[in-house]
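Structural overview
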Amino acid sequence: MSGELEQILLQLTQPDNAIIQQATAQLKLAFKDPAIIPALCAVMTGSQNTQIRQSAAVMLRMRVKKHWKKISPDHRESLKAVVLKAFQQETEHTVRHSLSQLSAVMVKHETPDRWPALFTLLNQSTKSNNPMDRQVGLLLLSKVVESNPEPFKPHYRQLLQLFGTVLRDLDNPTAMYYSILTLTAMTAYTGTEEMNLMRSLIPTLIIALRHLIKADQDQASEAMEVFDELMESEVSIMVPHITEIVHFCLEVSADTTLTDSLRVKALSCIAFLIRLKSKTVLKQKLLNPILQTVFPVLSAAPPPGEEDPEDEENSNEDDTDNESPKHFAAQVIDTMALHMPPEKLFHQLMPLTQACLASDNPYERKAGLMCLAVLAEGCADHIRTKMLSSMLQTVCQSLSDSNQVVRSAGLFALGQFSEHLQPEVSKYCAELMPLLLGYMSALNQAKIGHVTKAFYALENFLENLGSEIEPYLPTLMETMLSALSNAENLKLKELAVSAIGAIANAAKEKLVPYFLPVIESLKGFLTDTRDEMRSLQTQALDTLSVLARTIGKEVFSPLAAECVQLGLNLTNTIDDPDLRRCTYSLFSAVSTVSPDCLNPHLTAITTIMLLSLKSTEGVTAHLEEDKTFVLLDGDDDDDEAQGDTILDEEGTDNVDPDIAGFSVENAYIDEKEDTCDALGEIAFNTGLLASAIPAETFQPYLNELLPLIMNKAKLSYTVADRSFSVGTLGEILQSLVNVSGGRACAGKLSNQLLPVLVAGVRDSDSEVRNNSVFALGALAQAAGPLVARDYPMMLSLFSNLLSKEQDRRVIDNLCAALCRMIMSNMEGVPLEQVVPALLAHLPLKEDMEENKTVYSCLAMLYSQNPALVLSQIKPIVSASSHVLGTNDLDTETQNTLVMLLRDVAQRHSKEFEVAMKSLPAEQKMKLTGAVSQS
């Protein structure tokens, strides 16, 4: 059969499609024959044609991975021997590579301890005096260890010693490359006994990488991922050598003769080190060398005749594929701002920034503005209190710069300031709004890429303007409605629709006079089914959701049913994750205005939303190279060959070894996350919906979603990612409170979520702490007695945080979380200690929505334990006097609090009068009036 098989394979290399189709059909038949494996072995070892030998190795790998259990033990041993013999005899690299991949697949079945001949070959070849033998042995080693790292753990020390030797063999860069790949695969599995050996390898590794860069930049770029793996797994290995690593990365970053990929890897490594070990970077005096290297990268002009990606006409601010060194240089400064003390950073950063801003070179001026822009988030408090006026003045001046590249950077910086430096930046409304409106007046004359940045700045500024938007509302809406009616460019219409959403967030009911023309335009966009309308439709849905939440129930309610039908029509006719995501958000927004109009469609809505959660659409399997005959793999009708998993001897599922990894497109992740949020809100507002989708039905999909969300809570992710992660977990948990089966679901999830949320409470960023505290309170509320065993730990955590926390929003959420714990499981809380601590931090100062939680808790405590409340009546009366009669309480909470105080005043007048005496006259009068009203 081997001769016939070789002939078929030869035909597959011909340029004639008819011959290829005939050969493919013959090959499919041959694959049904049990003799296919020995025949492939014969071709793999005997053919004179390189391509045919390689093809045989690939096909053999495909067969072995799914039919290993069908091969008898004797034939397995024979196959292992044939593969190793072929590997030793082979002279062509492409075939060796395929043979090493075949060996890797076999190692998934035949662990190294059951394949002693493999170890013998690896030992002989990697220690050979022949450089080529060493290179080939290390190729095989890299593939088999990468395939199944854990079974090699007993040999890690020996391997690390081997790498120490190979990495010094500077004349054999390919051997160094394979060694580094193997080291990367091992890193996550190393234990404490290997730490010292790995630590001692770092200087040798850096020297090896320098030489590898000279030999093969693509291999060097891949090899540099070893630093990422080391930092992810055990950053302490790198700390003693942090200076050498940083200087090496700076050399690579600054070398413009190297590939962008290599320079980006180096800059990314620096940013990662700053994120994890900022104090060490400062202590080792590495800040200045980093800045001295990063600034020239940031301010470099693009090649003649080209533009930076963000300055191109069709640029997209949300484009995550910008892998330029300049982009990552800005990320390094952004990371510094997030993780270093502003005083130390600004001392060395601002002279370089100011020099750029004063330069005649427009790209240096742009760099200075980009630097100011990326400082806005991480150094927000420092800038707001000490530098806002001067920095705003600089940015405003840049908006009239003669060079559009500089003006665009200024607009980006203004957008960043507007987003991160609130509320102080809104005080400069009189200076900034005329500048921004001036830009808006010339929308059709400017490049759309530049206009996009103008809208970005405008939107971020408007979002937080509140009632101060009123004087500018006529001009703003005239501009936006004109763009919706007259602009030919769909992108410009999309920007105007987005801006209307930002305007609505600030203006709220004041937008009513413009509501009808806005709605008519949006409806027109949503009923246009052309493909080119998709992005505009998505934005129209977003803005429609904002209007539902801001314009007022009386105005929006008559349109609610039509909006639901529009959304359902879109999801039924258009397959697009972003559009579905925004449609679900519209449904949840409508549920806040007119929940009844959702009731007839709940089954349809929840069905499509659950399908979104369950869907694997957007998940891509990255296949290893040499998948020449992948078309044959899907036609096997054998039971064992179905699907993309294999079974080892113990029956365990393993990922298909031909799949190098999976990725999920961001749009699909966003769809799943927003779907979960929308389901929670719809459930809450419709009262969830529980009959249509109880928690036990929803939980399997939640189990799929949670790892995606929790992964972003890791310290290696940005503050924004961590904040989003724990915030979303909190929203999910809160949505379970009123869902059928929600308590059991929350209890099952608690073991998974607690470590993530506890770590979040200890985070260095106040927003992450705030969201984590909220989420823990929501967990206690949702799970109730099911997390009673965790109450002591949670209370201790909150107590420690409350004693040192400075951020008022975090303190407010701590108070609310304690109240949720009390209301869910009063017996689990030592009330005599907790309640006084809680009251000592009232009234709430920033998160006024939590007043409802706090005063509902006090009312419940009074009904269950009046003596405790009476013992604390003085701080309760004091806190109440600050909030009664203000917008800090909704009507229901006002009534709850008044009823509590009135009952105390009537039943315990003496204690109440004593508490009232300590109040200032104005507050005493207000409280007396509220309590005495009938």
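Residues numbered from 1 in each chain as written. Predicted model: local features only at pLDDT ≥ 70, side-chain atom pairs only at ≥ 80, totals over all residues. Heavy atoms only, no water.

**A word on the overall build of the chain**
Spelled out, the test is: Counting from the N terminus, the helices are the DSSP runs of H or I reaching at least four residues and the strands are the DSSP runs of E reaching at least two. Only C-alpha atoms enter the radius of gyration; for comparison, a globular chain is expected to reach 2.2 Å times N to the power 0.38, where N is the number of residues. We call a residue buried when its accessible area falls under 20% of the maximum for its residue type, exposed when it is over 50%, and partly exposed in between, using a 1.4 Å probe and counting protein chains only. Only the protein chains shown count as cover for residues, with accessible areas throughout obtained via the Shrake-Rupley method and a probe of 1.4 Å. Positive charges are assigned to Lys and Arg, negative charges to Asp and Glu, while His and the chain termini are left out of the count. Charge positions are represented by NZ for Lys, CZ for Arg, CG for Asp and CD for Glu.
For the chain, the count of helices and strands is 46 helices and four strands. A compact globule built from 934 residues should have a C-alpha radius of gyration of about 30 Å, and the chain, at 32 Å, falls within 12% of that. When its C-alpha atoms are laid out on the principal axes, the chain stretches across 100 × 65 × 60 Å. Taking all 934 residues of the chain together, the buried fraction comes to 55%. Carbon and sulfur atoms make up 50% of the accessible area of the chain, which amounts to about 39800 Å² in all. Seen as two clouds, the 76 positive and the 119 negative side-chain charges of the chain have centres 6 Å apart.

**Some remarks on unusual backbone geometry**
The omega torsion of the bond from Gln-422 to Pro-423 falls at 0°, within 30 degrees of zero and hence cis. On the secondary structure map, Pro-423 appears in the loop between helix H22 (404-420) and helix H23 (429-440). Note that the residue after Leu-842, namely Pro-843, is joined by a cis bond; omega there is 0°. The phi angle at Lys-285 is positive, at roughly 60°, despite the residue not being glycine. Within the secondary structure, Lys-285 sits in the loop between helix H15 (260-283) and helix H16 (287-298). Taking relative accessible area as the criterion, Lys-285 reaches 68% and is therefore assigned exposed.

**With respect to helix H4 (residues 50-67)**
Rules: Multiplying 1.5 Å by the helix residue count minus one yields the expected span of that helix. We call two N or O atoms a polar contact when they sit within 3.5 Å, provided that within protein one can donate a hydrogen and the other can accept it, with sequence-adjacent residues counted only if both atoms are side-chain atoms.
Here H4 contains 18 residues, and its C-alpha end-to-end distance of 26 Å stays within 8% of the 26 Å for a straight helix at 1.5 Å per residue. Of all 18 residues in H4, 16 are buried; the element is thus mostly enclosed. Sitting at the head of H4, Asn-49 places a side-chain oxygen 2.9 Å from the backbone nitrogen of Gln-51.

**With respect to the environment of Thr-571**
The criterion, for reference: By the convention used here, residues are in contact when the closest approach between their heavy atoms is within 4.5 Å.
Secondary-structure assignment places Thr-571 in helix H29 (residues 553-573). On the basis of relative accessible area, Thr-571 is assigned to the buried category, the value being 14%. Sequence-wise, Thr-571 and Ile-605 are 34 residues apart; in three dimensions their C-alpha atoms are separated by 9.7 Å. Among residues more than four places away in sequence, those in contact with Thr-571 are Arg-580, Thr-583, Tyr-584 and Ile-608. At 3.0 Å, the side chain of Thr-571 and the backbone oxygen of Leu-568 are in polar contact.

**So, the pattern of salt bridges**
This is how the line gets drawn: We define a salt bridge as a side-chain nitrogen of Lys or Arg found within 4 Å of a carboxyl oxygen belonging to Asp or Glu.
Scanning the model with the defined rule gives 30 salt bridges in all. Through salt bridges that share partners, Asp-308, Glu-310, Asp-311, Lys-326 and Lys-366 make up one connected network.

**Details of helix H41 (residues 851-864)**
An ideal rise of 1.5 Å per residue puts 20 Å on 14 residues; H41 measures up with 20 Å between its terminal C-alpha atoms. Contacts from the buried residues of H41 go to helix H39 (808-824), helix H40 (831-839), helix H42 (866-871), helix H43 (873-883) and helix H44 (891-907).

**What to know about the side chain of Gln-416**
When you line up the elements, Gln-416 lands in helix H22. Polar contacts involving the side chain of Gln-416 include one to the side chain of Tyr-456, which spans 2.6 Å. Excluding residues within four positions of it along the chain, Gln-416 makes contact with Ala-373, Val-374, Ala-376, Leu-421 and Tyr-456.

**Considering the environment of Ala-560**
Residue position: Ala-560 is located in helix H29. Taking C-alpha positions, Ala-560 is 58 Å from Ala-25, a pair spaced 535 residues apart along the chain. Once you skip the residues sitting within four places of it in the chain, Ala-560 turns out to touch Val-590, Ser-594 and Cys-597.

**A closer look at the packing of aromatic side chains**
Selection rule: Each Phe, Tyr or Trp ring (for Trp, its six-membered ring) is paired with any other whose centre lies within 6.5 Å, and the angle between the two planes then decides the class: stacked below 30 degrees, edge-to-face above 60, tilted in between. The criterion is that NZ of a Lys, or CZ of an Arg, lies within 6 Å of the ring centre and within 35 degrees of the ring normal, and then a charge sits over that ring.
Tallied over the entire structure, the rule returns five aromatic pairs. When the ring centre of Phe-272 is taken as origin, the NZ or CZ atom of Arg-275, which lies over that ring, is 5.5 Å away.

**Looking at the environment of Glu-562**
Among the structural elements, Glu-562 can be located in helix H29. A residue is classified by how much of its surface remains accessible, and Glu-562, at 35% relative accessible area, is partly exposed. Along the sequence, Glu-562 and Leu-209 sit 353 residues apart, while their C-alpha atoms lie 62 Å from each other.

**What about the packing of helix H35 (residues 719-735) against helix H36 (residues 742-761)?**
Each pair of packed helices gets described by two things: the angle between the helix axes and the distance between those axes. Applied cut-off: Axis definition: a line fitted to C-alpha atoms, limited for helices to the stretch in contact. Angles are taken between N-to-C directions and run from 0 to 180 degrees. An angle below 35 degrees is read as roughly parallel, one above 145 as roughly antiparallel, one from 65 to 115 as roughly perpendicular, and any other as oblique. Each crossing is labelled by how the near helix is turned from the far one, with a counterclockwise turn of less than a right angle marking it left-handed and a clockwise turn marking it right-handed. Each residue is assigned to one class: nonpolar for Ala, Val, Leu, Ile, Met, Phe, Trp, Tyr, Cys and Pro, charged for Asp, Glu, Lys and Arg, and polar for all the others, Gly among them.
Viewed as axis vectors pointing N to C, H35 and H36 meet at an angle of 160°, and their least axial separation amounts to 12 Å. Regarding the angle of H35 to H36, the classification is roughly antiparallel. Handedness of the H35/H36 crossing: left-handed. Between H35 and H36, the contacting residues are Val-726, Leu-729 and Leu-733 on the first element and Ala-746, Leu-753, Val-756 and Leu-757 on the second. Within the contact of H35 with H36, the residues separate by chemical class into seven nonpolar, no polar and no charged.

**Quick notes on the packing of helix H24 (residues 448-463) against helix H26 (residues 490-507)**
Where H24 meets H26, the closest approach of the two axes is 8 Å, and the angle between their N-to-C directions is 10°. By the angle class used here, H24 and H26 are roughly parallel. Packed against H24, whose contacting residues are Ile-448, Val-451, Thr-452, Phe-455, Glu-459, Leu-462 and Glu-463, the element H26 presents Lys-491, Leu-492, Leu-495, Ala-496, Ser-498, Ala-499, Ala-502, Ile-503, Asn-505 and Ala-506 at the interface. Looking at the contact of H24 with H26 residue by residue, the class counts come to eleven nonpolar, three polar and three charged.

**Focus: the nonpolar core**
Going by this rule: We call a set of buried Ala, Val, Leu, Ile, Met, Phe, Trp, Tyr and Cys residues a nonpolar core when their side-chain atoms join them within 4.5 Å.
Counting residues in each nonpolar core, the largest one holds 233 residues, and the members touching the most others are Leu-79, Phe-227, Ile-290, Leu-375, Ile-503 and Phe-556. The contacts of Phe-227, once residues within four sequence positions are left out, are Leu-205, Ile-206, Leu-209, Met-238, Ile-245, Phe-248 and Cys-269. Ranked by size, the runner-up nonpolar core spans 86 residues in total, among them Val-758, Val-834, Leu-839 and Val-877.

**Examining the confidence of the model for the chain**
Counted only if it meets this: You can read pLDDT as the predictor saying how much it trusts each residue, on a scale of 0 to 100.
Mean pLDDT over the chain works out to 85, with 90% of the residues at or above the 70 mark. Low pLDDT, under 50, characterises residues 619-664; the stretch is placed with 111 contacts to residues that sit more than four places away or in other chains.

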